[in-house]
Amino acid sequence: MLLNAGMSGGNPTLRRNRIHDGKQSGVFVHENGQGVLEDNEIFGNTGSGVWVSKGGNPTLRRNQITKNAGYGVRVLEASAATIE
């Protein structure tokens, strides 16, 4: 799942989803993407559960992020994330 919605600065809300068994990261936030991820299960992805780069800054609340091949949450390249 890519949180730039095809353009720079996407800001969706993902709530109560099961994001799993993807061939890359479960959620990829970049190019100034924002977004709120609440009460999701993110598991079993080939990459990280949540990958944030290139100015992304999502808010993650009450997510279960487990059993991904990469990091649970990876934040890099002048990016940030609020994790509650």
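Here, the structure is the one placed above.
Residues numbered from 1 in each chain as written. Predicted model: local features only at pLDDT ≥ 70, side-chain atom pairs only at ≥ 80, totals over all residues. Heavy atoms only, no water.

**Concerning the sheet that holds strand 2 (residues 18–20)**
Spatial strand order, 2-5-8: 3 strands in an open sheet with parallel pairing. Whereas interior strands pair on both sides, the edge strands pair on one side only; in this sheet they are strand 2 and strand 8 (64–66). With strand direction ignored, the average angle separating the axes of adjacent strands in the sheet is 5°. Where strand 5 (residues 41–43) meets strand 8, 3 bridges bridge the pair, whose relative direction is parallel. Among the inter-strand pairings, F43 is bridged to a residue of strand 8, identified as T66. (Pairing = 2+ DSSP bridges. Helix = DSSP H or I, 4+ residues; strand = E, 2+ residues; numbered from the N terminus. Axes fitted to C-alpha atoms, helices over the stretch in contact; angles between N-to-C directions.)

**Focus on the nonpolar core**
Listed in full, the 9 residues of the largest apolar core are L14, I19, V27, V29, L37, I42, V50, V52 and L60. When contributions to this core are tallied by element, the ones reaching two or more residues are strand 3 (27–29) and strand 6 (50–52). (Core = buried A, V, L, I, M, F, W, Y, C linked by side-chain atoms within 4.5 Å. Buried < 20%, exposed > 50% of the residue type's maximum accessible area, 1.4 Å probe, protein only.)

**Focus: the side chain of S79**
With respect to the helices, strands and loops of the structure, S79 is situated in the loop between strand 9 (73–75) and strand 10 (82–83). A distance of 3.5 Å separates a polar side-chain atom of S79 from the backbone oxygen of S53. Polar side-chain contacts of S79 include one of 2.7 Å to the backbone oxygen of L76. Not counting residues within four places of it along the chain, the set of residues in contact with S79 comprises V52, S53, K54, G55 and G56. (Polar contact = N/O pair within 3.5 Å; in protein donor to acceptor, adjacent residues only side chain to side chain. Contact = heavy atoms within 4.5 Å.)

**Section: the side chain of E38**
The topology assignment puts E38 in strand 4 (residues 36–38). Residue E38 is classed as buried on the basis of its relative accessible area of 9%. Once you skip the residues sitting within four places of it in the chain, E38 turns out to touch L14, R15, R16, R61, R62 and N63.

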